[in-house]
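# Fold and contact review
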Amino acid sequence: MNEFIKATLIRAVRTMCQTAIATIGTAAVLADVNWIYVGSASVLSGIISVLTSIGTGLPEVKSADELTVDEVDSDDDEVSGYDRVGDTSDVE
């Protein structure tokens, strides 16, 4: 599964759980909980979370521009004479 999709779904589920907990917490007793309201608010918060992730990106998922040489080609210990981005100590 794509890393972005996985992170987006994890974030959406966490947001839905937080919304459900907050909504349930507003009732004085468990018998007074409006379960339809809890469900609809939780689903809506999950949808908003997914749309926000798509629109703004996720800080925990690196874009292609942010990847270092080692992360792009992790199979080789050395890529074009560079161990790390900007390290040219072994390049003649």
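Numbering of residues begins from 1 in every chain and follows the order in which that chain's sequence is written. Local features in this predicted model are restricted to residues whose pLDDT is 70 or higher, and side-chain atom pairs enter the listing and the counts only when it is 80 or higher, whereas totals over whole chains, interfaces and linings include all residues. Excluded from the side-chain calculation are hydrogens and water; included are all heavy atoms of the structure.

With that out of the way, let us pick up the overall build of the protein. What counts as a helix is a DSSP run of H or I of at least four residues, what counts as a strand is a run of E of at least two, and both are numbered from the N terminus. A count of helices and strands for the protein gives three helices and zero strands. Element order for the protein, N to C, with α for helix and β for strand: α-α-α. Burial classes: relative accessible area under 20% of the type maximum marks a residue as buried, over 50% as exposed, and values in between as partly exposed (1.4 Å probe, protein chains only). Counting over 92 residues, the protein shows a buried share of 21%. Contacts are assigned to residue pairs with any non-hydrogen atoms lying within 4.5 Å of each other. Within the protein, contacts between residues at least 6 apart in sequence are counted, and of these 51% link residues at least 24 apart. Throughout, the Shrake-Rupley method with a 1.4 Å probe supplies accessible areas, and for residues the shown protein chains are the sole cover considered. With an accessible surface of roughly 7000 Å², the protein has 59% of that area assigned to carbon and sulfur atoms.

By definition, pLDDT measures how confident the predictor is in each residue, and it falls between 0 and 100. On average, residues of the protein carry a pLDDT of 78, and 66% of them reach 70 or more. Per-element confidence in the protein is highest for helix α2 (residues 35-56), whose mean pLDDT is 94, and lowest for helix α3 (residues 69-72), whose mean pLDDT is 50. Here residues 75-85 scores under 50 on pLDDT; set against residues more than four positions off or in separate chains, the count is 15 contacts.

Before going further, it helps to spend a moment on the side chain of S45. Inspection of the secondary structure puts S45 in helix α2. Residue S45 is classed as buried on the basis of its relative accessible area of 12%. At 2.7 Å, the side chain of S45 and the backbone oxygen of S42 are in polar contact. Residues in contact with S45, not counting those within four places in the same chain, are T15, M16 and T19. N or O atoms closer than or at 3.5 Å make up a polar contact, with two conditions inside protein: a donor-capable atom paired with an acceptor-capable one, and, for residues adjacent in sequence, both atoms drawn from side chains.

A helix's residues, less one, multiplied by 1.5 Å, set its expected span. Helix length check: helix α1 (residues 3-25) (23 residues) gives 33 Å between terminal C-alpha atoms against 33 Å at 1.5 Å per residue, within 8%. For α1, the complete set of buried residues consists of A7, T8, A12, T19, A20 and T23. Its buried side turned inward, α1 meets α2. You can read the cap of α1 off the contacts: a side-chain oxygen lies 3.0 Å from the backbone nitrogen of F4, and it is on N2.

Residue pairs spaced three or four apart in an α-helix point in one direction, given the helix's 3.6 residues per turn. Between its first and last C-alpha atoms α2 spans 31 Å; for 22 residues at 1.5 Å apiece the expected length is 32 Å, and the two agree. Taken as a whole, α2 has its buried residues at V38, A41, S42, S45, G46, S49 and S53. Across the axial projection of α2, the buried residues extend over an arc of 140 degrees, all falling on one side. Those residues of α2 that are exposed and angled more than 90 degrees off the buried face are I36, L51, I54 and G55. Starting at the helix axis, one direction is taken to each C-beta atom, and the arc is that of these directions.

Let us look at the packing of α1 against α2. Interaxial distance between α1 and α2 falls to 8 Å at its minimum, and their mutual angle equals 150 degrees. Between α1 and α2, the crossing angle belongs to the class labelled roughly antiparallel. As α1 runs across α2, the sense of the crossing is right-handed. For the pair α1 and α2, contact is made by F4, T8, R11, A12, T15, M16, T19, A20, T23 and I24 and by W35, Y37, V38, A41, S42, V43, S45, G46, S49, V50, S53 and I54, respectively. Amino acid classes used here: Ala, Val, Leu, Ile, Met, Phe, Trp, Tyr, Cys and Pro are nonpolar; Asp, Glu, Lys and Arg are charged; the rest, including Gly, are polar. Classifying every residue of the contact of α1 with α2 by side-chain character gives 12 nonpolar, nine polar and one charged. Fitted lines through C-alpha atoms give the axes, limited to the stretch in contact for helices. The angle between two N-to-C directions lies from 0 to 180 degrees. In this scheme, roughly parallel covers angles under 35 degrees and roughly antiparallel covers those over 145, while 65 to 115 is roughly perpendicular and the rest are oblique. For any helix crossing, the convention is left-handed if the near helix is rotated counterclockwise from the far helix by under a right angle, and right-handed if that rotation is clockwise.

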